[in-house]
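As a plain string of letters, each chain reads:
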Amino acid sequence: MTSRKRSAAKRQREEFEAGFGSLDGLFERAERAQEELEATREGAYRKKSCDRKNRYDTKLDAQDAIARSADRGVRGLTCYKCEFCGGWHLTSHGR
Ligand SMILES: [Zn+2]
């Protein structure tokens, strides 16, 4: 009966290792969920800093828009190159 015991122990170890296997899967799923969360956060940041804003193809266009805004009494605008779309957006430093 020793051989039977041994196989039982073997089966137990296999189940134990299988348990670790599914735990690995759990970590993987958690990691993926975290990545999705970060992608969503970046998406929200992008909406705020890019999608919602007017886009200018060149710095000159952006500066032109700043000049036109200044004519209308909107001052303190600056422009920056967008890391998402590669275009230019205006932002105010009025604080
Ligand atoms: Zn942009």
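What counts and how
- Residues numbered from 1 in each chain as written.
- Predicted model: local features only at pLDDT ≥ 70, side-chain atom pairs only at ≥ 80, totals over all residues.
- Helix = DSSP H or I, 4+ residues; strand = E, 2+ residues; numbered from the N terminus.
- Buried ≥ 20, exposed ≤ 12 C-beta atoms within 10 Å, placed from the backbone.
- Domains from an automatic or database assignment.
- Pairing = 2+ DSSP bridges.
- pLDDT = per-residue confidence, 0-100.

## Quick notes on the overall build of the chain
Item 1. Regarding its fold elements, the chain presents 2 helices and 2 strands.
Item 2. Helices and strands in the chain line up, N terminus first, as α-α-β-β.
Item 3. Taken over the C-alpha atoms alone, the chain extends approximately 95 × 25 × 15 Å along its principal axes.
Item 4. In the chain, which comprises 95 residues, the share counted as buried stands at 4%.

## A few points about the domain arrangement of the chain
Item 1. Examined at the domain level, the chain breaks down into domain 1 (1–52) and domain 2 (54–95).
Item 2. The C-alpha-based centres of domain 1 and domain 2 are spaced at 45 Å.

## Some thoughts on the pairing of strand 2 (residues 88–92)
Item 1. Where strand 1 (residues 77–81) meets strand 2, 5 bridges bridge the pair, whose relative direction is antiparallel. Looking at strand 2, one finds that K81 is bridged to W88.
Item 2. If you look at the hairpin formed by strand 1 and strand 2, you'll find 6 residues sitting between the two strands, and G86 has a positive phi there, around 80°.

## Notes on the environment of K47
Item 1. As for its position among the elements, K47 is in helix 1 (residues 2–51).
Item 2. Between the alpha carbons of K47 and T58 there is a distance of 20 Å; along the sequence they are 11 residues apart.

## Quick look at the confidence of the model for the chain
Item 1. In the predicted model, the chain carries a mean pLDDT of 86, and 91% of its residues have values of at least 70.
Item 2. Summarising per-element confidence for the chain, the mean pLDDT is lowest in helix 1 (81) and highest in helix 2 (residues 59–71) (96).

## Digging into the environment of G19
Item 1. Among the structural elements, G19 can be located in helix 1.
Item 2. C-beta crowding within 10 Å serves as the criterion here: with 10 such atoms nearby, G19 is assigned to the exposed category.
Item 3. For the pair G19 and D57, spaced 38 residues apart in the sequence, the C-alpha separation amounts to 55 Å.

## Considering the environment of G76
Item 1. For G76, the location among the structural elements is in the loop between helix 2 and strand 1.
Item 2. Residues G76 and I66 lie 10 residues apart in sequence; the distance between their C-alpha atoms is 8.7 Å.

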